[in-house]
Amino acid sequence: MDLTVLVFLLSGLALGWALGANDAANIFGTAVGTGMVRFTTAAIVASVFVILGAVISGAGASHTLGKLGAINALPGAFMAALSAAITVYWMTKRGLSVSTSQAIVGAIVGWNIFSGKPTDSETLTIILLTWVACPVIAGFIAVPLFLSTRYIVSNAKLHLIRLDAYTRFALIAAGAFGAYSLGANNISNVMGVFVSSSPFTDFSIDTMMGDSYVFTSIQQLFLLGAIAIAVGIFTYSKKVMMTVGQDIVSLSPISAWVVVTAHSIVLFLFTSQGLENFLNGNSLPTIPLVPVSSSQAVIGAIVGIGVFTGSTNIRWRVLGSIGVGWVLTPFIACLVCILGLYFLQNIFNQVTFLP
Amino acid sequence: MNLSAIKIPTLFGRAKKLEAQIDQFLDKVTEAGLIYKSALAVYFDQGLCDDFENYLQRILTIEQSADTLRRDIETKLYEQTLIPELRGDVLGLLEHVDTLINIYEANLFRFSIQTPKIPKIYHHGYTQLSDTAILSVDSLILAVRSFFRDIEAVRDHVTKVMFYESEADQISTKVQREIFTSTLGLARKRHLAYFVEHIDELANTAEDIGDILSILTIKRKI
């Protein structure tokens, strides 16, 4: 592979790193922060399942991003991912909640504007509606899940020590599901913009059963992005995990399980092509496959439980700053992308789009 | 493949073993109460005798094994980083419960060393007081077991602890009043009252632990 290709992919990898560093805390933050799960265990489980989710089920949501804007030149994709990464980095530095999903959508729209290509308004509307729906659905899933878990736990009359052991196991299992869903849903944020200009080629592997398995260029691309996410998890997520639990509301390990599971279900709903096929096959309305914010899903679940239980210790001001971040993210990413593409094309003489 | 090497079953196996150890520790307190009751009955019947000393020895053995168990439980809770959110509270609770065995032991030692001469007319009052104090401790042990297994039942048992403590206070006051209105010498009166106070101390300690447990229960529910 040409070295310049790798250089262009670096922005996507940086975005992947940032995603791993930030979003692993949504999955394992409370578990690690409260000492229920060791960081090393959390990091290994999260990394393995993020990679599996990205490679096996990553195609659905990235297809939707492709419909929003098929970035057809590698330098253009580089700048879209870079502007999303810069936005994520800058907003994280300012202490604002940030979503890679919103950053990348803003960047793609920026590329569309710069290249003069139309933005598919239907797809954009679906994406925007999904962003609103994501935390709401997470909240609606979290409440019955919380009630049933509380009912089961209080009626099972488990010994405190055994309950602790089961909770640890459940937190790891929910974390694995969450990491799989995160990898499947959010890999499109990291590598989706490179799909149309993927530098990889398909190759097949002969299996022991006698047939061959085709490892597509997109899967190779997603594997690379998922490895970047895993590196982000191992190198930087511990710091975020140690603080995430206290930011909005302090959670007990069992509530944390409910939140992570609700988050994972939501991400899975917006990712699973299998579910889409099933709904289609039964003539039911399908759920759009859209990259959504893992943080939004977690916040939706926490607020859902908080509102339902009448909890007074939700820090609404923190939620407010998160809301501001959500609105700002796509706009900033869009502006940064347009500016970056201008420089890349006019100063560095790179082809940022094909006519 | 060696199945015991798999981490998850080991985790559950260790949890089960620790549960059994906590139950054994609480059993020791109940057992100490039964021995204490028998020892006092023997003392009121025969004074200081071999049977009483045997009971004292048994309670000493129980106290030592309870200490060993408690330390083992504490070490495991820390080494295996179990119940991280409640670990400190649970350790404190077990240490408080351990003081009940110490009180049983210390009271029997006092009888063995000081051999108080308790007039027969007060035997009923002393027995009634010690039985009520033991009931408060037994209720507390049920409350502690419930804290681990059935959080909703803690309140019922703690209510009983409070009731028996209040009963014990009334009996203690009554017996001491009887002692101090008697014609016994002041030194003897003081000596007899000293034993009443120490027997009553069991119920007071059980009540204090019940209060701590009520707070922990609220914390665990959240």
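The structure reproduced in this document is the subject of the present report. (Residues numbered from 1 in each chain as written. Chains lettered and ligands numbered in written order. Predicted model: local features only at pLDDT ≥ 70, side-chain atom pairs only at ≥ 80, totals over all residues. Heavy atoms only, no water.)

Once that is clear, we can look at the overall build of chain A. Helix and strand counts for chain A come out as twelve helices and two strands. What you see in chain A, going N to C, is helices and strands ordered as α-α-α-α-α-α-α-β-β-α-α-α-α-α. Referenced to the eigenvectors of the C-alpha coordinate spread, the extents of chain A come out at roughly 65 × 55 × 45 Å. Burial status across chain A gives 54% buried among its 355 residues. Considering only contacts in chain A between residues 6 or more positions apart, those separated by 24 or more positions represent 83%. Accessible surface, chain A: about 15,200 Å² in total, of which carbon and sulfur atoms supply 69%. Distance between charge centres in chain A, computed from 13 positive and 10 negative side chains, equals 22 Å. (Helix = DSSP H or I, 4+ residues; strand = E, 2+ residues; numbered from the N terminus. Buried < 20%, exposed > 50% of the residue type's maximum accessible area, 1.4 Å probe, protein only. Contact = heavy atoms within 4.5 Å. Areas by Shrake-Rupley, 256 points an atom, 1.4 Å probe, with all protein chains shown as cover. Lys, Arg positive; Asp, Glu negative; His and termini not counted. Charge placed at Lys NZ, Arg CZ, Asp CG, Glu CD.)

This next bit is on the overall build of chain B. Per the secondary structure count, chain B includes six helices and zero strands. For chain B, the sequential pattern of α-helices and β-strands runs α-α-α-α-α-α. Within the span of chain B, comprising 222 residues, buried residues form 50% of the whole. Summarising the internal contacts of chain B: among those between residues at least 6 apart in sequence, 80% fall at separations of at least 24. Accessible surface, chain B: about 10,700 Å² in total, of which carbon and sulfur atoms supply 55%. Between the centroid of the 26 positive side chains of chain B and the centroid of its 33 negative side chains there is a distance of 2 Å.

With 24 residues of chain B in contact, the opposing surface of chain A contributes 19 residues. Of the roughly 1,900 Å² buried between chain B and chain A, counting both surfaces, carbon and sulfur atoms make up 65%. Per-residue buried area on chain B facing chain A is highest for B:F12, B:E19 and B:E85; these three make up 25% of the total on that side. Summed over the shared surface of chain B and chain A, the result is two salt bridges. Elements with a minimum of two residues in the side of chain B that touches chain A: α1 (7–46) and α4 (120–149) of chain B. The greatest single-element share of the side of chain B that touches chain A, amounting to nine residues, is contributed by α1(B). (Buried area = accessible area lost by both parts, 1.4 Å probe. Salt bridge = Lys/Arg side-chain N within 4 Å of Asp/Glu carboxyl O.)

Quick look at unusual backbone geometry now. Residues and elements named next belong to chain A. Positive phi is not limited to glycine here, since K157 has a value of about 50°. Along the polypeptide, K157 turns up in the loop between α6 (121–156) and α7 (160–191). For K157, a relative accessible area of 43% puts it in the partly exposed group.

Right, let's get into empty space enclosed by the protein. Residues and elements named next belong to chain A. Enumeration over the complete set of coordinates arrives at one cavity of 30 Å³ or more. Taken as a whole, the largest cavity holds about 40 Å³ of empty space. A18, L19, N22, D23, V88, V98, S99 and T100 are the residues that line the largest cavity. Broken down by element, the lining of the largest cavity gets its largest block of residues, four residues, from helix α1 (residues 3–33). For the lining of the largest cavity, the per-class residue count stands at four nonpolar, three polar and one charged. (1 Å grid on protein atoms, 1.4 Å probe; cavity = no way out; pocket = protein on both sides within 12 Å on 5 of 7 lines; lining within 4 Å. Points joined across faces, edges and corners; volume = space filled by probe spheres on them. Nonpolar A, V, L, I, M, F, W, Y, C, P; charged D, E, K, R; others polar.)

It is a general feature of regular strands that their side chains alternate between the two faces of the sheet. Residue and element names in this part refer to chain A. Looking at chain direction, strand β1 (residues 203–206) and strand β2 (residues 212–215) are connected through four bridges and run antiparallel. The residue of β2 that forms the bridge with S204 is V214. Between β1 and β2, which pair antiparallel in sequence order, lie five residues; one of them, G210, sits at a positive phi of approximately 100°. (Pairing = 2+ DSSP bridges.)

Residues and elements named next belong to chain A. Per the counting criterion, the structure on display carries zero disulfides over all chains. Lacking any disulfide linkage, C337 is separated from the closest cysteine sulfur, that of C334, by 7.3 Å. The buried category is assigned to C337, whose relative accessible area is 0%. (Disulfide = S-S within 2.5 Å.)

On to the environment of A:T286. All names here are of chain A. Position of T286 relative to the elements: it lies in the loop between α10 (273–281) and α11 (294–309). Given a relative accessible area of 36%, T286 falls into the partly exposed group. C-alpha of T286 to C-alpha of P135: the two residues are 151 residues apart in sequence and 18 Å apart in space.

As a further point, take the side chain of B:S139. Relative to the elements of secondary structure, B:S139 occurs in helix α4. Classification of B:S139 as buried rests on a relative accessible area of 7%.

A few words now on the packing of α7(A) against helix α9 (residues 253–269) of chain A. All names here are of chain A. Axis separation between α7 and α9 bottoms out at 8 Å; the angle between their running directions is 25°. Here α7 is positioned roughly parallel relative to α9, judged by the angle of their axes. Remark: the crossing between α7 and α9 carries left-handed chirality. Across from L163, T167, A170, L171, A174, G175, F177, G178, S181, L182 and N185 in α7, the residues of α9 making contact are P253, I254, A256, W257, V260, T261, H263, S264, I265, L267 and F268. Taken together, the residues of the contact of α7 with α9 sort by class into 14 nonpolar, eight polar and no charged. (Axes fitted to C-alpha atoms, helices over the stretch in contact; angles between N-to-C directions. Parallel < 35°, antiparallel > 145°, perpendicular 65-115°, else oblique. Left-handed = near helix turned anticlockwise from the far one by under 90°.)

Moving on to the environment of B:K76. Residues and elements named next belong to chain B. Mapped onto the fold, K76 is located in helix α2 (residues 50–79). Sequence separation between K76 and I215 is 139 residues; the distance between their C-alpha atoms is 24 Å. Those residues in contact with K76, other than ones at most four positions away along the chain, are K17, L18, Q21, T81 and L82.

In a structure, side chains of opposite charge can pair up when their charged atoms sit close to one another. Going through the model one piece at a time under the given rule, you end up with 14 salt bridges over all chains. Here A:K157 makes a salt bridge to B:D150, at a shortest N to O gap of 3.3 Å. Here A:K157, found in the loop between α6 and α7, pairs with B:D150, found in the loop between α4 and α5 (154–180), and the two come from separate chains. Its salt-bridge partner being A:R168, residue A:D164 comes within 2.8 Å of it at the nearest N-O pair. One end of the pair is A:D164 and the other is A:R168, both in helix α7 and four residues apart, which spans about a single turn.

This next bit is on the side chain of A:S272. All names here are of chain A. The residue S272 is located in the loop between α9 and α10 in this model. Taking relative accessible area as the criterion, S272 reaches 11% and is therefore assigned buried. Of note is the side chain of S272, whose polar atom sits 3.3 Å from the backbone nitrogen of G274. (Polar contact = N/O pair within 3.5 Å; in protein donor to acceptor, adjacent residues only side chain to side chain.)

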